[in-house]
Amino acid sequence: MKNVALKVVLVIVACLLVSLCVYSYFTRGTTVGAENYESAFYASCISLLPPVVAIVLALITKEVYSSLFIGIITGALLYSDFNLELAINTMLFNEDGGMITKLADSWNAGILVFLVLLGILVALMNHAGGSAAFGNWASKRIKTRIGAQIATIFLGVLIFVDDYFNCLTVGSVMRPVTDRHKVSRAKLAYLIDATAAPVCIIAPISSWAAAVTSSVPEDADINGFQTFIRTIPYNYYAILTLVMLFVLVIRRIDYGPMRKHELNAYKGDLFTTGDEHIKDENARKISTKGKVIDLVLPVLVLITACIMAMVYTGGILDGESFVNAFAGADASTALVMGGIIAVIFTFFFYLLRDVITFNDFMECVPAGFKAMISPILILTMAWTLSGMTNLLGAKVFVASLVEGSAAGFQSLLPAVIFLVALGLAFATGTSWGTFGILIPIVMGVFPSGEMMLISIAACLAGAVCGDHCSPISDTTIMSSAGAQSNHINHVSTQLPYALTCAGVSCVTYIIAGFVKNPYICLAIGVVLMVVTLLVIEKATGREPIDEGTEK
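Presented here is an overview of the structure given in this document. These numbers come from a predicted model, not from an experiment.

Moving on, we come to the overall build of the protein chain. Across its full length, the protein chain carries 28 helices and zero strands. Counting only residues that meet the buried cut, the protein chain has 55% of its 551 residues in that class. In the protein chain, 81% of the contacts between residues at least 6 apart in sequence involve partners at least 24 apart.

The full count for this structure, using the stated rule, is seven salt bridges. Through salt bridges that share partners, R145, K187, D254 and E262 make up one connected network.

Relative to the elements of secondary structure, T272 occurs in the loop between α15 (257–266) and α16 (278–281). Residue T272 is classed as buried on the basis of its relative accessible area of 15%. A distance of 3.4 Å separates a polar atom in the side chain of T272 from a polar atom in the side chain of H261. Beyond its immediate sequence surroundings of up to four residues, T272 is in contact with K260, H261 and N264.

The next subject is the environment of S44. Residue position: S44 is located in the loop between α1 (2–27) and α2 (49–61). For the pair S44 and V398, spaced 354 residues apart in sequence, the C-alpha separation works out to 9.0 Å. Within the local environment of S44, its side chain forms a polar contact with the backbone oxygen of F41, the two atoms lying 2.7 Å apart.

Mapped onto the elements of the fold, A265 is located in helix α15. Judged by relative accessible area, A265 falls into the buried class, the value being 0%. Spatially, the C-alpha atom of A265 lies 5.1 Å from that of S184, the residues being 81 residues apart in sequence. For A265, the contacting residues outside a window of four places in its chain are K182, V183, S184 and L270.

Bringing the side chain of S67 into the picture now. Mapping S67 onto the fold places it in helix α3 (residues 64–79). With relative accessibility at 1%, the residue S67 sits in the buried group. With sequence-adjacent residues up to four places away left out, S67 is seen in contact with A54, L57, A58 and T61.

Moving on, we come to the nonpolar core. Core analysis: the biggest nonpolar cluster contains 81 residues, and L115, Y350, L379 and M478 have the highest contact counts within it. With 13 residues, the single largest contributor to this core is helix α6 (residues 106–127).

Attention now goes to the state of the cysteines. Inspection of the entire model under this criterion finds zero disulfides. No disulfide involves C469; its nearest neighbouring cysteine sulfur is the one of C465, lying 4.3 Å away.

This brings us to the environment of V396. If you trace the backbone, V396 turns up in helix α22 (residues 394–405). Take V396: its relative accessible area is 41%, and that puts it in the partly exposed class. For the pair formed by V396 and S44, sequence separation is 352 residues and the distance between their alpha carbons is 8.7 Å. In this view, V396 contacts Y42 and A43; residues no more than four positions away in its chain are not counted.

Between the first and last C-alpha of helix α19 (residues 331–353) there are 32 Å, a value that for 23 residues agrees with the 33 Å anticipated at 1.5 Å per step. At the exit of α19 stands D354, carrying a positive phi of roughly 60°.

With that settled, the discussion passes to unusual backbone geometry. Notably, R252 is not glycine yet its phi reads approximately 55°, a positive angle. Along the chain, the position of R252 falls in the loop between α14 (236–250) and α15. The phi dihedral of Q484 falls on the positive side, at around 50°, and the residue is not glycine. Secondary-structure assignment places Q484 in the loop between α26 (474–483) and α27 (487–515).

Cut-off values and rules
Residues numbered from 1 in each chain as written. Predicted model: local features only at pLDDT ≥ 70, side-chain atom pairs only at ≥ 80, totals over all residues. Heavy atoms only, no water. Helix = DSSP H or I, 4+ residues; strand = E, 2+ residues; numbered from the N terminus. Buried < 20%, exposed > 50% of the residue type's maximum accessible area, 1.4 Å probe, protein only. Contact = heavy atoms within 4.5 Å. Salt bridge = Lys/Arg side-chain N within 4 Å of Asp/Glu carboxyl O. Polar contact = N/O pair within 3.5 Å; in protein donor to acceptor, adjacent residues only side chain to side chain. Core = buried A, V, L, I, M, F, W, Y, C linked by side-chain atoms within 4.5 Å. Disulfide = S-S within 2.5 Å. Expected span 1.5 Å × (residues − 1).

Here you go:
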């Protein structure tokens, strides 16, 4: 009956859309498609409908591809005022948001190429036996599920250069270890995601620091990098997320959908629902000559090459300091350069070690590409959906709300900014775009002083939180890819954790608006976070002790 009802609803909705499109075609005015064309829904609350449709459908149907595509169609129809011809052209070819344009963008293309290079590198490390050797080595030193999760957190914190790089590298390195200790793929994806953007946004040397620096107006009282450094103690969501990770792991606390995944993993089912086939997707003959160095050295080369490529693209050879070069780096180009260097190095290193042949290497190239098809497809549609949302003026709508309400309650502004940034980043799937829009507005309200720093930090924290929650965020997508977890499983299990931390962070920003001391407020936030988790532990209980080895 449910399937029949769903089909009837879909047919009715389709008929209504077709009717609207036909009506619009015969009644359209001369402004449709003109150079100065503006949708009737521009900068209205309706501009947020496309991502809302995609997100709600994804959570209901547990299917991300069709949900994103329907969200894109919704955005294109709204932008074109239901003119079918313009909607199709907008969805595919619009120069500011169309799918073809998004794929042709050099930044986006660089990220996709980097994904493929990392896929190839992972396939090489697996085929050469490096991943298996590392898993065997780690199993002798990491004895418990808690140890496996703590090791994942520390590795995520250490790889702070870029969130994309973090997601895929941590996933490929730690997946064999967490699998061996029965940590669910959903939990692994959460650990990866929670140590990606939240770590990068408080790391002075990262692609995120560069993005924040470039978002601060040049005529500000202090330069962008100094502003970023001074906002770190106020970035409560990022810091409290790390506190939350350690408390959750050490106290063996899990709640919401994650609890079901973890209890199932404890019994041997790492997936619970969806994508069980991933376990055998890249099954190939593994070399018996593999050693730990066959995984560690390529990863170190990749990290070093990416860092050096970043400062190179930032102009270090033209006399810029290391910090300024990093702040001005082209992260997309640098990641591709670093990825190519790492793949070439790994090829020759493995040939010299005689763990693979030339034919093995060439077989790993399409295998690595194939492993990344899913995240590439999701990223492409997520970028297009974000483009549709921008064409509808969602950012303008949100910015006008902030500007109109900021002056009335200045002490509460940090909490308001946090919530607005969270909502905007959740709807658009981008944190960089969110703080790029909101930081100049914040500095217009508070040109200098401690309230400026608190409010900018709240903007950054809210953007990271929204990005952390959003199923159309590229970081969320790549965390699923790194953990090889079903994407909707990752989103649904992570959401309660992110919202818990968001609630504590919002309360802390309310306090910060009055106290204006970063360390006192941070201490209060940490206490609130720990107490909240202990209350949740009291209500839900703790997970079983891992085979009697954890005390």
